[in-house]
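# Results of the structural survey
Next come the chains, spelled out residue by residue.
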Amino acid sequence: MGHELATLFAAGFFYLLLLFLVAYATDRGYIPAALASHPLTYSLSIGVYATSWTYYGSVGYAAHNGLLFLTIYIGATLTFILSPLLLRPILALSREFQLSSLADLLAFRYRSQGAGILVTLFMLLGTLPYIALQIRAVTESLSVLSNDVPSNTIALVFCATLILFGVLFGARHISPREKHRGLVVAIAFESLIKLVVLLLIGAYALFGLFGGPSGLNDWLQANPQALEALYRPVNESPWSALVFLSFAAAFLLPRQFHMLFAENLDPRGLRTATWAVPAFLLLLNLSIPVILWAGQRLQLGINPDYFVLGITLAHGPSWLSVLAFIGGLSAASAMVIVTSIALASMSLNHLLLPASYPDPAMNLYRWILWGRRLLIGLIIMAGYGFYAGLKQSESLVELGLISFVAVAQFLPGIVGLLYWRRATRSGFIVGLLG
């Protein structure tokens, strides 16, 4: 039984409105400052790493590649384990020299405006597929749950809503170095929502469909191929390459750098994040195998990427399937919002201002503010354009890996920043161009 498209649209609209209210209440001081600046709130905001790739795509990836889906989170965990050697030095540099993006950081290290431009262009081109992934996940989830096929109009409305959020709560200040407490709390709230919903669906799959751990064990004994399919790829697949890519992505993706460093209020918060973010990722992944096996037991005739929705739609209460949709919408919207804000600041500093500095007679501050707002809209709509031209055969994970590969190109520059003083501007730029 499906849902009416209007019902799902209304649920999504009210959820995004709730995000607005959370951010607004924080900025107005209605939410206590101690909660807004708490290290766990900061850690949850870093959970923007888990997008619709995690929420939907992990199940689909596990269906085809078994336990290989864990590499995306093992690499990220490694990043936080190495925090004293990696994240803390970058945070110290960013705070001391007021660097708000990876392009700022690398342009500062290599004393090169060209390096900043090149990094920004790499980020833009490498991130558009990831934005398109989020838009596609939302529209395809509507197709799974509703009796109607959503048109591109739904995707446009989704993008327009995210542009509004990004403009209101991510581009309110002149300087990108200003902290956006409302945005941080809203993204932390989003992380909490997707975690709770995914655990709830996992619990429903375990107890509602299998009748508890013993029932799951009985099913696995009767279907040993399900467990074998999960373990078989372990020795056949490129574990090390995927761990390496996710290690780089966990702090180099625009949204990760922004939440880790640009929005950091207190360096001590990173100490909490060192254990809290890996714990968050572990909890997110507890439900993945159970959801996969529940979908296989029900023999759902849909893409495994959307088993999270399918198992609730097949036998669950209607409210649970709507909640499942909200969880996916939450994961997708947070990624697009934070990424567009981060890329807009980067593009303004390294592309727009050098190319078209405003007339001195103009109000410079107003020009910069509206320039950032315009860039947020252009970046999200460019993601929509990429989505419109996508081949539907590509999986969510395949699209996400494009962005992971793109940002991994910056690792040699980071090594030069932290530990290799002889690294040169020419070497960094030639390496990127190569």
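Let me sum up the structure you'll find in this document.

Reading the values: the criteria
- Residues numbered from 1 in each chain as written.
- Predicted model: local features only at pLDDT ≥ 70, side-chain atom pairs only at ≥ 80, totals over all residues.
- Heavy atoms only, no water.
- Helix = DSSP H or I, 4+ residues; strand = E, 2+ residues; numbered from the N terminus.
- Expected span 1.5 Å × (residues − 1).
- Bend = angle between axes of the 7 residues up to and from the residue.
- Buried < 20%, exposed > 50% of the residue type's maximum accessible area, 1.4 Å probe, protein only.
- Polar contact = N/O pair within 3.5 Å; in protein donor to acceptor, adjacent residues only side chain to side chain.
- Contact = heavy atoms within 4.5 Å.
- Axes fitted to C-alpha atoms, helices over the stretch in contact; angles between N-to-C directions.
- Parallel < 35°, antiparallel > 145°, perpendicular 65-115°, else oblique.
- Left-handed = near helix turned anticlockwise from the far one by under 90°.
- Salt bridge = Lys/Arg side-chain N within 4 Å of Asp/Glu carboxyl O.
- Core = buried A, V, L, I, M, F, W, Y, C linked by side-chain atoms within 4.5 Å.
- Patch = residues over 30% accessible without salt bridge, like charges linked within 9 Å, V, L, I, M, F, W, Y side chains within 5 Å.
- Areas by Shrake-Rupley, 256 points an atom, 1.4 Å probe, with all protein chains shown as cover.
- Phe/Tyr/Trp six-rings, centres within 6.5 Å; stacked < 30°, edge-to-face > 60°.

In this model helix H18 (residues 318–355) runs 53 Å from its N-terminal to its C-terminal C-alpha over 38 residues, within 8% of the 56 Å that 1.5 Å per residue would give. The largest bend along H18 reaches roughly 45° and is located at Leu348. Counting buried residues along H18, 30 of its 38 residues qualify, which places the element largely inside the surrounding structure.

Mapping His350 onto the fold places it in helix H18. We classify His350 as buried; its relative accessible area is 9%. Side chain to side chain, His350 and Asp104 meet in a polar contact 2.6 Å long. Excluding residues within four positions of it along the chain, His350 makes contact with Ser101, Ala103, Asp104, Ala107, Gly116, Ile117 and Thr120.

This part takes up the packing of helix H8 (residues 113–145) against helix H22 (residues 425–433). Think of two packed helices as two axes; the pair is described by the angle between the axes and how far apart they sit. Where H8 contacts H22, the two axes come as close as 10 Å, and the packing angle between them is 25°. Taken together, the axes of H8 and H22 lie roughly parallel to each other. Considering how the two elements wind past one another, H8 and H22 form a crossing that is left-handed. Contacts between H8 and H22 involve Ala115, Leu118, Val119 and Phe122 from the former and Phe428, Ile429, Leu432 and Leu433 from the latter.

So, on to the pattern of salt bridges. Evaluated as defined, the whole model comprises three salt bridges. Of the charged contacts, one joins Lys194 and Glu190 as a salt bridge, the two residues approaching to 3.0 Å between their closest N and O atoms. Taken together, the positions of Lys194 and Glu190, both in helix H10 (residues 181–209) and four residues apart, correspond to about one turn of that helix. A salt bridge links Arg268 to Asp266; the nearest nitrogen and oxygen atoms lie 2.7 Å apart. Residue classification places Asp266 among the partly exposed residues on the basis of a relative accessible area of 28%.

This next bit is on the nonpolar core. In terms of nonpolar packing, the biggest core is built from 155 residues, with Ile90, Leu102, Phe251, Phe404 and Ile414 touching the most fellow members. Here the element with the most residues in this core is H18; it accounts for 19 residues. Excluding anything up to four places from it in sequence, Ile90 contacts Leu105, Phe251, Phe257, Phe261, Ile414, Leu417 and Leu418.

Moving on: the side chain of Thr139. With respect to the helices and strands, the residue Thr139 is situated in helix H8. For Thr139, the side chain forms a polar contact with the side chain of Tyr387, separated by 3.3 Å.

For Phe261, the position within the fold is in helix H14 (residues 254–262). Separated by 202 residues in sequence, Phe261 and Val59 have C-alpha atoms that sit 31 Å apart. Look past the residues within four positions of Phe261 in its chain and what remains in contact with it is Leu87, Ile90, Leu91, Ser94, Lys179 and Phe251.

Not every positive phi belongs to a glycine, and Arg111 is a case in point at roughly 50°. Within the secondary structure, Arg111 sits in the loop between helix H7 (102–110) and H8. Since its relative accessible area comes to 56%, Arg111 is described here as exposed. The phi torsion at Gln299 lies on the positive side, around 55°, for a residue other than glycine. Looking at where Gln299 falls in the secondary structure, it is placed in the loop between helix H16 (288–298) and helix H17 (307–315). For Gln299, a relative accessible area of 69% translates into the label exposed.

On to a nonpolar patch on the surface. A surface patch of nonpolar side chains, about 620 Å² in accessible area, is lined by Phe9, Phe13, Phe14, Leu17, Leu18, Leu21 and Val157. Looking at the nonpolar patch element by element, the count peaks at six residues for helix H1 (residues 5–27). Along the polypeptide, Leu21 turns up in helix H1. Here Leu21 falls in the partly exposed class, since its relative accessible area comes to 48%.

A few words now on the environment of Phe80. Note that Phe80 resides in helix H5 (residues 71–81). The class for Phe80 is buried, based on a relative accessible area of 2%. Put simply, Phe80 and Trp275 are 195 residues apart on the chain and 7.4 Å apart in space, counted from C-alpha to C-alpha. Look past the residues within four positions of Phe80 in its chain and what remains in contact with it is Ile46, Leu87, Leu260, Ala273, Thr274, Val277 and Pro278.

The next thing to look at is the packing of H18 against helix H19 (residues 364–388). Between H18 and H19, the least distance of the axes is 8 Å, while the angle of their chain directions is 125°. Between H18 and H19, the interaxial angle falls into the category oblique. Crossing of H18 over H19 shows right-handed handedness. Touching Val336, Ser340, Ile341, Leu343, Ala344, Ser345, Ser347, Leu348, Leu352 and Leu353 of H18 are Trp367, Ile368, Gly371, Arg372, Leu375, Ile376, Ile379 and Ile380, all from H19.

This part covers the packing of aromatic side chains. Each aromatic ring pair is described using two quantities: the centre-to-centre distance and the angle formed by the ring planes. Inspection of every chain in the model, using the stated rule, returns 15 aromatic pairs. Relative to Phe404, the ring of Trp53 lies with its centre 4.7 Å away and its plane at 35°, an arrangement referred to as tilted. In this pair, Trp53 sits in helix H4 (residues 52–65) while Phe404 sits in helix H20 (residues 396–408), placing the two residues 351 residues apart along the sequence. By the burial criterion, Trp53 is buried, and Phe404 matches it. When the centroid spacing of 4.6 Å and the interplanar angle of 35° are considered together, the rings of Phe97 and Phe108 count as tilted. One end of the pair, Phe97, is in helix H6 (residues 87–97); the other, Phe108, is in helix H7, and 11 residues separate them in sequence. With relative accessibility at 25%, the residue Phe108 sits in the partly exposed group.

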